Structures are given as structure tokens and as C-alpha cells.
Amino acid sequence: MVINSFQGRTHRLLIVSMQYHFDGFHPGDPEVSSVQTDPLTDKGQVDVLIVGCGPAGLTLAAQLSKFPDICTRIVERKSGPLEIGQADGVACRSVEMFEAFGFAHKVVREAYWVNETSFWKPDPDGVIARSDRIQDVEDDLSEMPHVILSQARIHDFFLETMRNGPTGLVPDYQCELVGLERTSDPEFPVLASLRGSDGEPATVRAKFVVGCDGARSSVRNALGYELKGEAARQLWGVMDVLAVTDFPDIRLKCAIQSKDQGSILIIPREGGTMVRLYIELDELKERERAADRGVTADMLAEKASAILKPFRFDVRQVAWCSAYEIGQRVCDSFDDLDAEGERPDIPRIFIAGDACHTHSPKAGQGMNVSMADTFNLGWKLAAVLRGQAKPELLGTYSLERRAKAHELIAFDREMARLFSSKRSDPKAAKQFQHYFQKHARYTAGVETCYDASLIVGDEDHQQLAIGFGIGTRFHSGPVIRLADAKPLQLGHVLKVDGRWRLIAFAPSRDTGLPVGQIAHLCDYLRGDPNSPIARYTPSDADADSVFDVRAVFQSHHQELAIEAMPEFLKPIKGRLGLIDYEKIFCPDLKQGPDIFDLRGVDRKSGALVVVRPDQFVADILPLNHFEHLEGFFSRFMIPV
Ligand code: FAD
């Protein structure tokens, strides 16, 4: 258990327990899948080819590695995993996503927690002075903290997840994509040309290719797309250092604007000693590249010392240093539906992450948004490949993520303008600070809201649970699991397994007995031939293999009888026909307002919250609106 305490309020961040042994007892580490499929024998023919082992590629690979029936290959032109450098800011929303993969606890243990941020600007004598110190993440924004951890460690956790999963997926390093074309092959219509470490060419036929190959993406180039927007002009120096200083806020995230030496962003790092410095350098000239400037660690250390004066800043070791220019740019489309040539019927080639949008490091979004892209895409690919969903589902990826990329570019542009505004403008520092505070929800990654679409309902019944915004991520809250009285976060049961969740919040006085609405809903889901469970779940699969139904009651957990609960909420599963006891929850009354109050769930009528496999709320319905529920899923699912 980790305690995240802000301003006297304590948030419990409980990592949900794992479920295993459904298919029989296996000794050893339960995180290592006991059923591993044979390693890929025919690497020349795959369901999904992922290009690039950055955060976008690894998030997708880790997600697809959960499905033993999907053949995935991931290639990377570098010789091995990232070891140092690049991004380090991990938004609360990303940590929530890591919990779905099962490694959030490792990240929060190892990382620096950004709990407060301080702002420094010149005082009337021109000497830097602290102007404010604020809470970084507002209360109840997320049960997860905002943390800082090396991008390389995030990669490590994804790689471990892939390796331990049922397909034992590992990347092919020193393997570069050199060509890509669509063919008339009806089953494997994308032909990728690769070059391996020996320089030998090879081809791969794939059903889908996803270019997670960074800002200079070959996949994007093959589609004939360009990143559009402002070309990179602003040069940034970035360094991870071990230093001795008397600057008092060195272990806080700080935005510092000096009178005439420039601006710096200090990001304390994991381990208690290292700090990252983002130092704003001059604008680049026309056609000039960051490498042309020959920026060195000494130059950056000198600049940092000048900005931090009169404080001492004595660099003892430079762990990593780089200079880079980033333009705020975005691609018109994130799939091949708009590519030149014959218009394909369904998207087969996608781009994600820096391949389709780039932005400055100030808002700390690069890694987070890249992971969010492929978290959005992965379950859609899986659903189509497994024959559960119509291919039209894939069109929602570009639609949803491109809109978010445009929002991010607009946000980043404004933030960059305010951060860099000249010191001659006395209002500039104040404006930056105000903007930073106002948009903390945005940088935490929890403001993402997808518009109504094939997979996001309208807002007809939003008032039944106003705190679960339709189109936003499912905002977790504390609950007690009925069967074993375990306190946990409800959101932590939403794992990356491609399943839809139907979370039924019971009306007051409903205790699960046959006269109540929850029992009525269960009868319908289990027995009605038109219910989504009956229509879309294969007859030989576990009843909850496509839809995971959970119920949350309003009563104290000691007042409810598990034996009286509908059998449907205690499904029989797995090879041995064991009972799943973990579907029923009650409010955690020791945690302040209970989940009904926290999320504004209508206590009188209850609500059915429909949650997508990527944890976003797809719809909210009255508990008995069965036709509406059927209509929603019939838009994109394929009956068995
Ligand atoms: P990337 O992380 O760029 O991953 C793309 C991967 O694809 C790379 O591993 C690349 O080798 C591989 N690849 C490319 N072409 C091919 C090919 N043809 N075949 C096979 N593999 C290929 N963000 C910050 O917030 N702060 C920072 O300080 C910061 N520093 C950065 C420094 C550098 C040098 C870089 C490149 C990026 C930095 N970023 C920083 C940005 C941040 O790292 C990215 O936003 C994030 O990594 C994007 O993830 P991605 O998966 O989309 O792409």
C-alpha cells in the first residue's frame, strides 16, 4: 500500500490483487504466464508488425502480447533497449494505465513524485526569488501520483510485461524498416521490407502495420504524409546531473525565469539525488539543426549556473546531456485511409506517437501522449483480428487521437509562448504560472474526452453519474470487495485484456435480491438471447470473456450476503469450473465520501456505466435500458 497525502487528505492507492489458478494450480511467479505459445516460427507473416521500440511501440506490443491468438512482431533499428535519456515525466493518467498492465506499483516505488511545484522570478532587484509554491496534482484528480522516471525504465517494464505474457514477445533489434507497400493480397495486404543486422533484406507480410518509429518516421513517409505546423526553431538543452547546490528548491519541480539569463525548468529525478535541467537556448536560424550548435555539457552547466545565481550550482557528474529542437507539428491523418493511391476499404497502416505529432518538452507530454495513442489503438486491433468487432472500429483511432493531438499542440504552443516570453514583460511570469495551474488537469492526462462516435454514446443519461464523464477515462474510487472485504480502487480491476466492462451501480436499498434492479439486469444479461453477452460471447468461452460485469452496492459490506447475490455475479470459469468471487463491491466508508458521492452516481436509480477496454467511459444508461445497450454494441460488434 502506498499513501499519497495532500494537504491533510489521504488517498489510498491500493494495488488490486491478481487472479490466477482458474485453469489449475501452477507454482512459481504468477506474473509469468503459465501458458506460453510457441515462439513465432514464421516471422515473414504476421497479424501486426510494429515498427519502433519507443513508448508508443512498446505500449502496443505489451497490449497485443496479452492475446495468444494474435501474432505480433516488433522491430527496432537500434541494437538494444534504451538505457539513458529522453523523456521522464509520467502523468497520473499514464500511471493509471500502467496499473492496467500490472506494473504501476513498480513505477511509483522507483519514481520521484511531483507533489508540489515552485515558481521563481526576478525580484525588484533582479535577483531570482520564489514567487509561489503550489500543490501539483489537485485532490481526487487521480488515485495515482504524477511521477518522474527515466523513459528507459518505463521501456523495461513494458518489455518485461511482453516477455512474461502468453506470447513471450521480444523485439527484433537491429532490424530496420526500409520499405512499405500495400498489395492486393486479401489476407496480408501490407508488405514491409526490413534490413537486419547482417544487412540482409527480408520481407514481412502483415495484416496491419503500425509505425511507432518516431519523429522521422519511415512509415509516415511511405504514406506520403508530412508533419504540419511550425518548424523547430527553439533550441533546448537538457541534462541529467548530480550536483551540489544551495538552491533550496532543488528537490521540487521548479520553473525559473531569470532577469536576463533565460529560463530553466528543474525536474528532480528518481533516486533522491539526480536532477534534470531543461535550459532554453537561442532560437535556431533558418535550416540550422541542433547538432550544428555543438552544445556541450559544460556550456549547459555554465548557463544553468548563470540562471541560478546567486545560488551555487556545482555539477559533479553529467549522466546524460542532449540538445534538441522540437517543432509543434501534427499529421493530417493517423492511418492510411487518406494516403495517395487506391483508397483502402479499411485502415491497414497506422502511425502513432512522435511519428504523427511532436511538441516541446515543457508540458512533459511526449511519452504520455505517445503511449495514449497506442493504448487507444491496441484493443481495437485485437477486437478486429479476433473477429469480435467490425473493421469500421479501426477508423475511430485516427479520429479520436488526431483530435487530441491538435488540442495538445494548441496547449503546448501557448505554454511555450508564456515560458519564453521576454523578461521585459513583467506580467509574463505571472501569466505562465497561472496557465500552468489552470491546466494541471490537462497535463495530468485526465482531461482527454472523446467525442460521441461509433464507440462513445451521447449524453442522454449523463446525469445518472455525472462524475463518470462520457468519453473520459473511468475515474476510479475506493470500494470494498464483498467476498473478502478487501479495500481497493475500483478502476484497478480494468485490466488490459480487451474486455468491455459493464459496471452496475445499484439503487439504494437494492441488496442483490431477486426483486431488485441488479438481479433483473443479471437475468437479462444471462438469459436474454438479445443481450450483448448472449450475442457476442462464443458458447465455448467463459461467460465474462468478452464482457466483464461488476456490481457496486450502496450498503456496508457486512450488511450484504454474498450467498444471496445473483449467480451471474459469481460466474463459473476456467478449465476446472471455479467460481469467480471478485465481481461485487460496496462503498469504502472509511475513505470520506463514498464512491456514489465522489462520482455523483444517482443513489435513487443507480446507473450502468459502460467502459471501453481502454478504460474510457463509453456510455451511461439506466439499469433497465436494455434496448439502448443492445443498440450501442450492435453498431460495431459482430454476433457469434
Ligand atoms: P520514439 O521514442 O522516438 O521511438 C521511436 C523508435 O523507433 C526509436 O527507438 C527508433 O530507433 C525506432 N525507429 C525509427 N525508425 C525506424 C525504422 N525505420 N525501423 C525500425 N525502428 C525504427 N521528451 C521529453 O519530454 N523530454 C526530453 O528531454 C526528451 N528528450 C528527447 C531526446 C531525444 C534524443 C528524443 C529522440 C526524444 C526526446 N523526447 C523528450 C521526446 C520523447 O522521448 C518522445 O516524445 C517519445 O519517446 C515518443 O515516443 P515514440 O514511441 O512515439 O517515439
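For the structure, check the block above.
Structural notes, computed from the coordinates. (Residues numbered from 1 in each chain as written. Predicted model: local features only at pLDDT ≥ 70, side-chain atom pairs only at ≥ 80, totals over all residues. Heavy atoms only, no water.)

### Structural notes on the overall build of the chain
So, point 1. Within the chain one finds 14 helices and 30 strands.
So, point 2. Relative to the 2.2 N^0.38 estimate, which gives 26 Å for 640 residues, the radius of gyration of the chain is 25 Å and therefore close to what a compact globule would have.
So, point 3. Projecting the C-alpha coordinates of the chain onto the three principal axes gives extents of approximately 75 × 60 × 50 Å.
So, point 4. Of all 640 residues assigned to the chain, the portion counted as buried reaches 57%.
So, point 5. Taken as a whole, the chain presents about 26,300 Å² of accessible surface, with 49% of it coming from carbon and sulfur. (Helix = DSSP H or I, 4+ residues; strand = E, 2+ residues; numbered from the N terminus. Rg over C-alpha atoms; globule rule 2.2 N^0.38 Å. Buried < 20%, exposed > 50% of the residue type's maximum accessible area, 1.4 Å probe, protein only. Areas by Shrake-Rupley, 256 points an atom, 1.4 Å probe, with all protein chains shown as cover.)

### Section: the sheet that holds strand β13 (residues 227–229)
So, point 1. Spatially, β13-β19-β21 is the arrangement adopted by the three strands of the open sheet, whose pairing is antiparallel. The open sheet is flanked by β13 and β21 (357–358), the only strands paired with a single partner.
So, point 2. Of the pairings in the sheet, the one linking strand β19 (residues 329–331) to β21 comprises two bridges and is antiparallel in character. What sits directly across from Arg329, in β21, is Thr358. (Pairing = 2+ DSSP bridges.)

### Some points on the environment of Glu226
So, point 1. Tracing the backbone shows Glu226 in the loop between α5 (218–223) and β13.
So, point 2. With relative accessibility at 54%, the residue Glu226 sits in the exposed group.
So, point 3. When residues no more than four places from it in sequence are discounted, the contact partners of Glu226 are Arg220, Val330, Cys331 and Asp332. (Contact = heavy atoms within 4.5 Å.)

### Concerning the pattern of salt bridges
So, point 1. If you walk through the whole model with that rule in mind, you get 47 salt bridges.
So, point 2. Residue Asp594 pairs with Arg603 through a salt bridge whose shortest N-O separation is 2.7 Å.
So, point 3. The class for Asp594 is buried, based on a relative accessible area of 7%.
So, point 4. With a closest N to O distance of 3.2 Å, Arg603 and Asp597 form a salt bridge. (Salt bridge = Lys/Arg side-chain N within 4 Å of Asp/Glu carboxyl O.)

### A short note on the packing of helix α11 (residues 517–527) against helix α14 (residues 626–634)
So, point 1. Between α11 and α14, the shortest axis-to-axis distance is 12 Å and the interhelical angle comes to 40°. In this view, α11 runs oblique relative to α14, as classed from their interaxial angle. Of the two elements, α11 crosses α14, and the hand of that crossing is right-handed. Contact residues: α11 offers His520, Leu521, Tyr524 and Leu525, while α14 offers Phe626, Leu629 and Glu630.
So, point 2. Taken together, the residues of the contact of α11 with α14 sort by class into five nonpolar, one polar and one charged. (Axes fitted to C-alpha atoms, helices over the stretch in contact; angles between N-to-C directions. Parallel < 35°, antiparallel > 145°, perpendicular 65-115°, else oblique. Left-handed = near helix turned anticlockwise from the far one by under 90°. Nonpolar A, V, L, I, M, F, W, Y, C, P; charged D, E, K, R; others polar.)

### Quick look at the pairing of strand β3 (residues 45–51)
So, point 1. The element β3 is extensively covered by neighbouring structure, given that six of its seven residues are classed as buried.
So, point 2. By the bridge criterion, six bridges tie β3 to strand β12 (residues 201–211) in an arrangement that is parallel. The residue of β12 that forms the bridge with Val46 is Ala206.
So, point 3. For the segment spanning β3, helix α1 (residues 55–64) and strand β4 (residues 72–75), crossover handedness is right-handed. (Right-handed = clockwise from strand over helix to strand, strands pointing away.)

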